[in-house]
Amino acid sequence: MKNMLIVGASRGLGDALSRGLPESGDAAWLVSRGKPPSLAQLDGVNRVWIEADVSSAAATHQMVTALEGQRLDALIYNVGIWESTAFSDDYDFAAIAPMEHERILQVNLLSAIHCIQAVLPNLKQANHAKVILIGSISGVENTGSPEVAYVASKFGVRGIAHALRENLRADGIAVSCINPGMIATEVPYEAGIDQALAQLSGTQIPVHDVVAIARCILSLSHAACVKEIIMPALADTWA
């Protein structure tokens, strides 16, 4: 039986991770502002919703309180927001308000540091816990993404993973960063991978593939550490 904390668990990839990672008998604490649909899934997993906004200073206290000192075998941090005009021809760095930049960096970067730090005692109780941070292909060199705050935050997530790994190596805690390209979040996990492939003709990565990578990392022995995975869609020639 595994205990896991999934931060950013209510929609898109977060919902897919909440459905696809825990197995019957596992316990999963799901952190999100909105109620995760996966709570209704009847598959033998004990899912507990922690209603929290990670941009708030109170979020880490809410997580620690809900965990009640229990061990965590895995932490998956899947949080990402971006500029309102990101990934479109309307994006204009000069027009983005400083407050928008600050919120992106707070949620994507600082909140990850605060969350991990808060639950370290829970992770250290486990026998070789694993931490998985969900980055982005935008945070990888030479992808040409122009969204300044989002790109900076996702480069930072990779930095967190690499530095954190050195801090936790002596505790036997492996830290991995997954950097996916465009994900087919509009096709839900329960619809199946075939529908995602048919609907988007392979131009976006089905959420099932990211779940499969995360599941593989969690299944590895404590002798292995996957530092980083970069997985663009095969059709993304720019990536």
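Attention here is on the structure that accompanies the text. Model, not experiment: these values are computed from the prediction.

1. Focus on the packing of helix 3 (residues 98–125) against helix 4 (residues 148–168)
Part 1: Two elements in contact, helix 3 and helix 4, have axes separated by 9 Å at closest approach and are oriented at 20°. One way to sum up the angle between helix 3 and helix 4 is to call them roughly parallel. You can see that helix 3 and helix 4 cross each other, and the crossing is right-handed. Of the residues in helix 4, those touching helix 3 at H101, I104, L105, N108, L109, A112, I113, I116, L120 and K124 are A149, Y150, A152, S153, K154, G156, V157, I160, L164 and L168.
Part 2: Residue classes in the contact of helix 3 with helix 4 are distributed as 14 nonpolar, 4 polar and 2 charged.

2. Details of the pairing of strand 6 (residues 174–180)
Part 1: Along strand 6, 7 of the 7 residues are buried, which leaves the element largely enclosed by surrounding structure.
Part 2: The sheet contact formed by strand 5 (residues 130–134) and strand 6 spans 5 bridges and is parallel. Looking at the pairing, I134 lines up with I178 of strand 6.
Part 3: The parallel pair strand 5 and strand 6 is bridged by helix 4, and the resulting crossover is right-handed.

3. Things to note about the sheet that holds strand 3 (residues 46–51)
Part 1: Here 7 strands make up an open sheet; going across it, the order is 3-2-1-4-5-6-7 and the pairing parallel. The sheet is open, and its two borders are formed by strand 3 and strand 7 (228–231), each paired with just one other strand. Neighbouring strand axes in the sheet, compared pairwise and without regard to direction, differ in orientation by 15° on average.

4. Quick notes on the packing of helix 1 (residues 12–20) against helix 6 (residues 207–219)
Part 1: Helix 6 packs onto helix 1 with a crossing angle of 50° between their chain directions and a minimal axis gap of 9 Å. Our classification of the angle between helix 1 and helix 6 gives oblique. In this structure, helix 1 crosses over helix 6, and the sense of that crossing is right-handed. Every residue of helix 6 that contacts helix 1 at L13, A16, L17 and G20 is listed here: V207, V210, V211, A214 and R215.
Part 2: A per-class count over the contact of helix 1 with helix 6 returns 7 nonpolar, 1 polar and 1 charged.

Reading the values: the criteria
Residues numbered from 1 in each chain as written. Predicted model: local features only at pLDDT ≥ 70, side-chain atom pairs only at ≥ 80, totals over all residues. Heavy atoms only, no water. Axes fitted to C-alpha atoms, helices over the stretch in contact; angles between N-to-C directions. Helix = DSSP H or I, 4+ residues; strand = E, 2+ residues; numbered from the N terminus. Parallel < 35°, antiparallel > 145°, perpendicular 65-115°, else oblique. Left-handed = near helix turned anticlockwise from the far one by under 90°. Contact = heavy atoms within 4.5 Å. Nonpolar A, V, L, I, M, F, W, Y, C, P; charged D, E, K, R; others polar. Buried < 20%, exposed > 50% of the residue type's maximum accessible area, 1.4 Å probe, protein only. Pairing = 2+ DSSP bridges. Right-handed = clockwise from strand over helix to strand, strands pointing away.

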